[in-house]
There are 2 protein chains.
Amino acid sequence: MGTEKTIDRRVARTRSTLHHALITLILRKGYEAITVEDICNEANIGRSTFYAHFTSKDDLKRSGLDDHLRAMLVERQRHALAAPGELKDRSLGFVLGMFEHAREHIDLYRALAGGRGGTIVLGSIREILCDLVRAELAANKDRKLPDVVPNELIVQFVVGAFLSVLIWWLDGGAKLPPQQVDQIFRRLATEGVPSA
Amino acid sequence: MGTEKTIDRRVARTRSTLHHALITLILRKGYEAITVEDICNEANIGRSTFYAHFTSKDDLKRSGLDDHLRAMLVERQRHALAAPGELKDRSLGFVLGMFEHAREHIDLYRALAGGRGGTIVLGSIREILCDLVRAELAANKDRKLPDVVPNELIVQFVVGAFLSVLIWWLDGGAKLPPQQVDQIFRRLATEGVPSA
DNA sequence: TCAGATTCCGAACATGATGTCCATCAACCG
DNA sequence: CGGTTGATGGACATCATGTTCGGAATCTGA
């Protein structure tokens, strides 16, 4: 199972330093604007050393930030599911946790996904959320109409709406309290938009 | 009103050729992979000429594809709003149009927004759609509850959900007919997801 | 503690894309 | 037809990427 026998302290140090430098720089100037050389300077590490460990900036992010975020989210989800309450209140239970988590790390989130376009940048977050919604749909499918509506469409609908609202909320400075955004979102999702 | 007196045939030709070349290349290798020089080669136009008209690849896209898309969508919405029928049926009128348009140009859409990448292009489409939804909300705001729910949140909710479903649909090959996806989406949006 | 193995360093090199400038030439418009 | 405007392509400067390599630093295991 274990792929690594021993981990040389130097490589551990190097990798960790690079990851840390990346986060620092993301907060300072945003992900897109960062160059490999920037990271190396910030980390005081040779550029050739960088390429000995990672193939690119994206690679570094993948093997660091994404994994880290994924771990955090899974943990939150575990908590949310373990909490007591009605099914109605637990459904979409990850939403509140996510709003809170995002607010705690608002700078990082905004640098990563905020501003323009970044919706899809949060690829791994999106995937996790899809998994959560899928699981929830599967759990509740007993008393459901025959599926003229593909489940996956519902999943995409909910996750897309959620991420969109989340990013908007963060970009606006997260003024509304998480509980309130959570409540509004879930009402929109379960009862529809009050327009038509 | 008119900003342009006359349009030199040469500039019209150049611009048009460049736009066309961009689309060709997007279909051939995807937007991200395209370089300014690629475009110039494809169009048989000097690179210096390119920079005399556009400042970058993104600029070219903006002044071509985006404007075109925006015009088409506005037109579709105008039609939908002018059509007879219940308000409920007329709202979100751009949706069906967009599904149909996307299916007609499915190769282009998938190269633009599908799979991975697509961040940049989605950004502008997203903005266009936000404008449409905002306009619709503003038009219907008379018989609305006092806004405990920020309008912009609703906008983000709807547009995020829509784009997410659209991309999923396209990536799956657009198997369901546009009318059906449209109907499902609008039902989800107006009545909520049938889970909780 | 020490020796051999591994990693780090930095500088050099090759490559490829961006963006600017300019003199020359061709096309357009009135 | 003649003056104006746009097109051309090549030279330049710049910047980021990715690779290579020999010597120096550092780790690991005995």
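Residues numbered from 1 in each chain as written. Chains lettered and ligands numbered in written order. Predicted model: local features only at pLDDT ≥ 70, side-chain atom pairs only at ≥ 80, totals over all residues. Heavy atoms only, no water.

J.: Could you clarify how one ought to interpret the protein's contact with DNA strand C in this entry?
T.: By nearness alone, 22 residues border DNA strand C, and Arg10(A), Thr14(A), Ser48(A), His53(A) and Arg47(B) come closest of all. Within 4 Å of the protein, the atoms of DNA strand C are drawn from sugar and phosphate moieties in a proportion of 54%. One of the side-chain N or O atoms of Thr35(B) is found 3.0 Å from a phosphate oxygen in DNA strand C. In this structure, a phosphate oxygen belonging to DNA strand C sits 3.2 Å away from a main-chain N or O atom of Val36(B). (Near = heavy atom within 4 Å. Polar contact = N/O pair within 3.5 Å; in protein donor to acceptor, adjacent residues only side chain to side chain.)

J.: When you look at the packing of helix 4 (residues 57-82) of chain B against helix 6 (residues 94-104) of chain B in this model, what are you seeing that I'm missing?
T.: Between two packed helices, the angle of one axis relative to the other and the distance separating the axes together describe the packing. Residue and element names in this part refer to chain B. Running from N to C, helix 4 and helix 6 cross one another at 135 degrees; their axes reach a closest spacing of 8 Å. Taken together, the axis directions place helix 4 and helix 6 in an arrangement best described as oblique. Read as a crossing pair, helix 4 and helix 6 show a hand that is right-handed. Residues Leu69, Met72, Leu73, Arg76 and Gln77 of helix 4 lie in contact with helix 6, whose contacting residues are Phe94, Gly97, Met98, Glu100, His101 and Glu104. Of the residues in the contact of helix 4 with helix 6, the class split is five nonpolar, three polar and three charged. (Axes fitted to C-alpha atoms, helices over the stretch in contact; angles between N-to-C directions. Helix = DSSP H or I, 4+ residues; strand = E, 2+ residues; numbered from the N terminus. Parallel < 35°, antiparallel > 145°, perpendicular 65-115°, else oblique. Left-handed = near helix turned anticlockwise from the far one by under 90°. Contact = heavy atoms within 4.5 Å. Nonpolar A, V, L, I, M, F, W, Y, C, P; charged D, E, K, R; others polar.)

J.: Explain the packing of helix 9 (residues 151-171) of chain A against helix 9 (residues 151-171) of chain B here, please?
T.: Interhelical geometry of helix 9 of chain A versus helix 9 of chain B gives an angle of 140 degrees and a closest axis separation of 7 Å. Overall, the two elements helix 9 of chain A and helix 9 of chain B adopt an arrangement that is oblique. The hand of the helix 9 of chain A/helix 9 of chain B crossing is right-handed. Across the interface between the two elements, Glu152(A), Leu153(A), Gln156(A), Phe157(A), Gly160(A), Ala161(A), Ser164(A), Val165(A) and Trp168(A) from helix 9 of chain A touch Glu152(B), Leu153(B), Gln156(B), Phe157(B), Gly160(B), Ala161(B), Ser164(B), Val165(B) and Trp168(B) from helix 9 of chain B. Here the residues of the contact of helix 9 of chain A with helix 9 of chain B sort into 10 nonpolar, six polar and two charged.

J.: How do you make sense of the packing of aromatic side chains when you look at a structure like this?
T.: Taken as a whole and assessed by the stated rule, the structure comprises 14 aromatic pairs over all chains. Taking the centre distance of 5.9 Å and the plane angle of 55 degrees together, the rings of Phe50(B) and Phe54(B) count as tilted. Both residues of the pair, Phe50(B) and Phe54(B), belong to the buried class. Arranged with centres 5.9 Å apart and planes meeting at 85 degrees, the rings of Phe94(B) and Phe162(B) form a pair that is edge-to-face. Placement of the pair is Phe94(B) in helix 6 and Phe162(B) in helix 9, with a sequence separation of 68 residues. For the pair Phe94(B) and Phe162(B), a shared accessibility class is recorded, and that class is buried. Linked through ring pairs, Phe99(A), Phe157(A), Phe162(A), Trp169(A), Phe185(A), Phe94(B), Phe99(B), Phe157(B), Phe162(B), Trp169(B) and Phe185(B) together constitute an aromatic cluster. Stacked on the ring of Tyr31(A), the Lys or Arg Lys57(A) has its end atom at 4.5 Å from the ring centre. Stacked on the ring of Tyr31(A), the Lys or Arg Lys61(A) has its end atom at 5.8 Å from the ring centre. (Phe/Tyr/Trp six-rings, centres within 6.5 Å; stacked < 30°, edge-to-face > 60°. Buried < 20%, exposed > 50% of the residue type's maximum accessible area, 1.4 Å probe, protein only. Lys NZ or Arg CZ within 6 Å of the ring centre and 35° of its normal.)

J.: What should I look at first to understand the nonpolar core in this one?
T.: Soluble globular proteins: nonpolar side chains tend toward being buried together. Grouped together as the largest cluster of nonpolar side chains are 97 residues, with contacts concentrated most on Phe157(A), Phe162(A), Leu129(B), Phe157(B) and Phe162(B). Setting aside residues no more than four positions away along its own chain, Phe157(A) makes contact with Phe157(B), Ala161(B), Val165(B), Phe185(B), Leu188(B), Ala189(B) and Val193(B). (Core = buried A, V, L, I, M, F, W, Y, C linked by side-chain atoms within 4.5 Å.)

J.: How should I be thinking about the protein's contact with DNA strand D in this particular structure?
T.: Taken together, 23 residues are adjacent to DNA strand D, and Arg10(A), Arg47(A), Thr14(B), Ser48(B) and His53(B) come closest. A share of 55% is what sugar and phosphate atoms reach among the atoms of DNA strand D within 4 Å of the protein. In this structure, Thr35(A) approaches DNA strand D through a side-chain N or O atom, which is 3.3 Å from a phosphate oxygen. The backbone of Val36(A) places a nitrogen or oxygen atom 3.2 Å from a phosphate oxygen of DNA strand D. Listed by contribution, the elements that provide at least two residues to the surface near DNA strand D are helix 1 (9-29), helix 2 (36-43) and helix 3 (47-53) of chain A together with helix 1 (9-29) and helix 3 (47-53) of chain B. Here the surface near DNA strand D is built from residues that sort into five nonpolar, 10 polar and eight charged.

J.: Would you take a moment to explain the side chain of His101(A) for this structure?
T.: With respect to the helices, strands and loops of the structure, His101(A) is situated in helix 6 (residues 94-104). When residues no more than four places from it in sequence are discounted, the contact partners of His101(A) are Leu69(A), Met72(A), Leu73(A), Arg76(A) and Tyr109(A).

J.: Help me understand unusual backbone geometry in this model?
T.: Where the residue is not glycine, phi is negative for most of them; where a peptide bond is considered, it is trans in most cases. Residues and elements named next belong to chain A. Within the chain, Asn44 stands out as a residue other than glycine whose phi angle is a positive 55 degrees. Mapped onto the elements of the fold, Asn44 is located in the loop between helix 2 and helix 3. Of the residues examined, Asn44 reaches a relative accessible area of 72% and is grouped as exposed. Residues other than glycine seldom take positive phi values, yet Ala174 does so here, at roughly 55 degrees. For Ala174, the location among the structural elements is in the loop between helix 9 and helix 10 (178-191). For Ala174, a relative accessible area of 4% puts it in the buried group.

J.: Please clarify how the pattern of salt bridges should be interpreted in this entry.
T.: Where charged atoms from two side chains of opposite charge approach closely, those side chains can pair. Residues and elements named next belong to chain B. Per the counting criterion, the structure on display carries 20 salt bridges over all chains. With its nearest N and O atoms 3.3 Å apart, the salt bridge here joins Glu42 to Arg28. Taken together, the residues Glu42 in helix 2 (residues 36-43) and Arg28 in helix 1 connect sequence positions 14 residues apart. The exposure class of Glu42 is partly exposed, given its relative accessible area of 32%. By relative accessible area, Arg28 is classed as exposed at 52%. Glu152 is the salt-bridge partner of Arg134, the closest N and O atoms lying 2.9 Å from each other. Taken together, the residues Arg134 in helix 8 (residues 119-139) and Glu152 in helix 9 connect sequence positions 18 residues apart. Residue Glu152 is classed as partly exposed on the basis of its relative accessible area, which comes to 22%. (Salt bridge = Lys/Arg side-chain N within 4 Å of Asp/Glu carboxyl O.)

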